[in-house]
Amino acid sequence: LYFARIGLGNPSEDYYVQVDTGSDILWVNCAGCDKCPTKSGLGLGLTLYDPKKSSTSSLVYCDQDFCTSTYDGQLPGCKPSLQCQYNVVYGDGSSTAGYFVKDNIQLGQVTGNLQSKSTNGTVVFGCGARQSGELGSSSSEALDGIIGFGQANSSIISQLAASGKVKRKFAHCLDNIDGGGIFVIGEVVSPKVKTTPIVPNQAHYNVVMKEIEVGDNILQLPSDIFDSGDQKGTIVDSGTTLAYLPSTIYEPLLAEILSPQPALQLHTYEDQFTCFNYLENVDDGFPIVKFHFEGSLTLTVYPHEYLFQIRDDAWCFGWQNSGTQSKDGKDMILLGDLVLSNKLVVYDIENQTIGWTEYNCSSSIKVRDESSGAEYSVGAHDIASGSSLRIGGILTLLSIIIALLSIA
């Protein structure tokens, strides 16, 4: 789970939101909300957004452009006095519902090498009135909301791009060793990445996987297993902690990974994870897994990345069998933070590509200033209290930095 601090409203207040490339809208818990978390185990103070207390807020009505373009037309029964509602159900079954508001957002803008300043923009986002599932509990991982970085017109990056502030390009580098990382909106000039095309006309960042290699062996899989389509194909999603594979991939993958260790006794932990006792170095005892994509792009996942430790002598697989998870996604390949960590991942919506390269996410990357063409370094960001180990993932506070002309 990776999250960022953003400012909303005037006067601006800070909100901690999960960064999710698998969904579109930004929403935060609002005053008067039903079942909104009031405290978090992350050591963060949670804040309810109140549009009445912000001098720059305005409601969004169902006949306004934002609402009609978000829903591809006017909602049934729309009258000019009716607010534009939203309802999002996430892959884990949790949901959020409420209404849209328009207000100031504060993000960091690159001003020089390893330097940024706070800058304002105006965006439409969801004011959460009802939450359910994990989002509706004051859990150990509760946050103020979620910021979606999907391709839809309703996402923050699309809104900022529509107003001419930014290009629809962003990148993240998630450090699962030390916590922290980098998140930038704008063009990354260094390091360079190889890319693969985004599958067009999909709700998510779908890419075309070609084959899977374990050690030196290519897995023998049904030829249609990587086909794209409704409820099929491969999705890159930073809002998912682990990696989910259909049974037809998961079972042969695990068998091949375990083949060098025939004596291992497997057991199940927390009804979810396949685990085993092991005292040696996992990188010496288990094979590297490589996912090969269209355009000769490879995603390499090392044993210390796809395995996580629950005790000194016990390890669990981060791979999950999507066939046992839900009816909807049982044929999907969902690549979450488990395999995206320790890599710079670059999303170029303008040119419809995604690329990545292995990278030390606690170092810095170079971005280009849209207006001047100058190149600046952007460094990793981390706040110790916001970085605590959880099963299969790290909770990490990122700083969303923008490389652009001006957002005011």
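Below, the structure is looked at part by part. (Residues numbered from 1 in each chain as written. Predicted model: local features only at pLDDT ≥ 70, side-chain atom pairs only at ≥ 80, totals over all residues. Heavy atoms only, no water.)

## Some points on the overall build of the protein
No. 1: If you tally the helices and strands in the protein, you get six helices and 32 strands.
No. 2: Relative to a compact globule of 408 residues, whose C-alpha radius of gyration would be 22 Å, the protein shows 21 Å and is just as compact.
No. 3: Along the longest, intermediate and shortest principal axes, the C-alpha atoms of the protein span 65 × 45 × 40 Å.
No. 4: Scored against the burial criterion, the 408 residues of the protein give a buried share of 53%.
No. 5: Counting only carbon and sulfur atoms, one obtains 46% of the accessible surface of the protein, whose full area is about 17,300 Å².
No. 6: The average position of the 25 basic charges and that of the 45 acidic charges among the side chains of the protein differ by 8 Å. (Helix = DSSP H or I, 4+ residues; strand = E, 2+ residues; numbered from the N terminus. Rg over C-alpha atoms; globule rule 2.2 N^0.38 Å. Buried < 20%, exposed > 50% of the residue type's maximum accessible area, 1.4 Å probe, protein only. Areas by Shrake-Rupley, 256 points an atom, 1.4 Å probe, with all protein chains shown as cover. Lys, Arg positive; Asp, Glu negative; His and termini not counted. Charge placed at Lys NZ, Arg CZ, Asp CG, Glu CD.)

## Remarks on the pairing of strand 27 (residues 353–358)
No. 1: As defined by bridge partners, strand 12 (residues 194–197) adjoins strand 27 across four bridges and the pair is classed as antiparallel. Pairing of Thr196 across the sheet is with Ile354, part of strand 27.
No. 2: Pairing analysis gives six bridges linking strand 26 (residues 343–348) to strand 27, with the strands arranged antiparallel. Its bridge partner lying in strand 27, Val345 is registered against Trp356.
No. 3: Between strand 26 and strand 27, which pair antiparallel and follow one another directly, the connecting turn spans four residues, one of which, Gln352, has a positive phi of 55°. (Pairing = 2+ DSSP bridges.)

## Points about the side chain of Gln159
No. 1: Inspection of the secondary structure assignment puts Gln159 in helix 2 (residues 156–162).
No. 2: Look at Gln159 and you get buried, because its relative accessible area is 12%.
No. 3: Not counting residues within four places of it along the chain, the set of residues in contact with Gln159 comprises Phe66, Val123, Val124, Asn153 and Ser154. (Contact = heavy atoms within 4.5 Å.)

## Quick notes on the nonpolar core
No. 1: One finds Ile212, Phe286, Phe291, Tyr306, Trp319 and Val339 to be the most contacted residues of the largest nonpolar core, which totals 78 residues.
No. 2: Of all the elements, helix 3 (residues 247–258) adds the most residues to this core, at six residues.
No. 3: The residues contacting Phe291, other than those within four sequence positions of it, are Met209, Glu211, Ile212, Leu245, Leu297, Thr298, Leu299, Val301, Trp319 and Val339.
No. 4: In terms of nonpolar packing, the next biggest core, distinct from the first, is built from 14 residues, Cys67, Cys78, Phe100 and Leu135 among them. (Core = buried A, V, L, I, M, F, W, Y, C linked by side-chain atoms within 4.5 Å.)

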